[in-house]
Amino acid sequence: AGMVAQAAELLGKENLIDQVEMTCCDAESLPYADSIMDAVFMSFTWELFDIPEIPLVLPECNRVLKPAARVVVVACPREGGTGLLVGAFE
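What comes next is a walk through the structure. (Residues numbered from 1 in each chain as written. Predicted model: local features only at pLDDT ≥ 70, side-chain atom pairs only at ≥ 80, totals over all residues. Heavy atoms only, no water.)

**Some details on a nonpolar patch on the surface**
Cut-off, in case you're wondering: Excluding any residue in a salt bridge, patches collect residues exceeding 30% relative accessible area, merging like charges within 9 Å and nonpolar Val, Leu, Ile, Met, Phe, Trp and Tyr side chains within 5 Å. Areas reported here follow the Shrake-Rupley algorithm with a probe of radius 1.4 Å; residue values treat only the protein chains shown as occluding. Salt bridges, as used here, are contacts in which a Lys or Arg side-chain nitrogen is within 4 Å of a carboxyl oxygen on Asp or Glu. In DSSP terms, a helix is any run of H or I states spanning at least four residues, a strand is any run of E spanning at least two, and both are numbered starting from the N terminus.
On the surface, Leu58, Val71 and Val73 cluster together to form a nonpolar patch covering roughly 200 Å² of accessible area. Take valine 73: it is sitting in strand S2 (residues 65-74).

This is the structure:
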C-alpha cells in the first residue's frame, strides 16, 4: 500500500494519474479477468517472493495476459551480488 501511495504521488506530479490503474493485491490471485492485459511488468519485486511462490505467480500473470503479450521482470540477483545496486536493494 505504501508503494502504491508513493507511485500515485509521483504520477500526480507528472499529470499521469488518470492514465494508470494501481492495485495492491496478492500476486497469486490477481483481481483481473482473463486475457485483458497487454503486459505485466515487475521491477525489483521478484526477489520478495519465496521460491515456492514463483510457480504460483507466473501462471497467474499468464492468465491475465492477452495472447502474445509479455511478462517483463527486472530483478537483482541475491546470490553472489555485492555491487551498489544489490546493496541499495537490500
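Back to the text.
**Overview of helix H2 (residues 54-64)**
Think of an α-helix as turning once every 3.6 residues; residues three or four places apart then point the same way. Let me state the cut-off plainly: Relative accessibility under 20% of the residue-type maximum defines a buried residue, over 50% an exposed one, and the middle range a partly exposed one, all with a 1.4 Å probe and only protein chains included. Arc definition: it is the arc formed by the directions from the helix axis to the C-beta atoms. Pairs of residues are marked as contacts when any of their non-hydrogen atoms sit within 4.5 Å.
Buried within H2 we find Ile54, Val57, Glu60, Cys61 and Val64. Taken down its axis, H2 places every buried residue within 130° of arc, on the same side. Exposed positions of H2 whose direction lies more than 90 degrees from the buried face are Pro55 and Asn62. Where H2 is buried, its residues contact strand S1 (37-43) and S2.

**Some remarks on the pattern of salt bridges**
In this structure the tally under the stated criterion is 4 salt bridges. Of the charged contacts in the structure, one is a salt bridge between aspartate 34 and arginine 63, with a shortest N-O distance of 2.6 Å. In this pair, aspartate 34 is assigned in the loop between helix H1 (2-13) and S1 and arginine 63 in helix H2, connecting sequence segments 29 residues apart. Salt-bridge contacts for glutamate 60 lead to arginine 63; the nearest nitrogen and oxygen are separated by 2.7 Å. With glutamate 60 and arginine 63 both in helix H2 and 3 residues apart, the pair spans about one turn of that helix.

**Notes on the layout of surface pockets**
How we decide: The definitions used throughout rest on a 1 Å grid laid over the protein atoms alone, on which a cavity is an enclosed set of points accommodating a 1.4 Å probe that cannot get out and a pocket is an open set flanked by protein within 12 Å on both sides along at least five of seven lines; lining residues are those having an atom within 4 Å of a point. Grid points are joined across faces, edges and corners, and a volume is the space filled by probe spheres set on the points. Gly falls in the polar group here, along with every residue not listed as nonpolar (Ala, Val, Leu, Ile, Met, Phe, Trp, Tyr, Cys, Pro) or charged (Asp, Glu, Lys, Arg).
By volume, the largest pocket is sized at about 1,200 Å³. Around the largest pocket, the lining is made up of 24 residues, and of these Val4, Thr23, Phe41, Met42 and Thr45 lie nearest the centre. In terms of residue count, the dominant contributor to the lining of the largest pocket is S1 (5 residues). Split into classes, the residues belonging to the lining of the largest pocket amount to 19 nonpolar, 3 polar and 2 charged.

**Things to note about H1**
The line we're drawing: One less than the number of residues in a helix, times 1.5 Å, gives the span that helix is expected to have.
A rise of 1.5 Å per residue sets the reference length of H1, with its 12 residues, at 16 Å; its end C-alpha atoms lie 17 Å apart and thus fit the reference within 8%. Of the residues trailing H1, asparagine 15 is marked for its positive phi of about 55°.

**Structural notes on the side chain of glutamate 60**
The condition that has to hold: The term polar contact refers here to a pair of N or O atoms within 3.5 Å; inside protein, the definition further demands a hydrogen-donor-capable atom paired with an acceptor-capable atom, and it admits residues adjacent in sequence only when both atoms are side-chain atoms.
Classification of glutamate 60 as buried rests on a relative accessible area of 11%. Engagement of the side chain of glutamate 60 in a polar contact is seen with the backbone nitrogen of leucine 30, the distance being 2.7 Å. Residues in contact with glutamate 60, not counting those within four places in the same chain, are Ala27, Glu28, Ser29 and Leu30.

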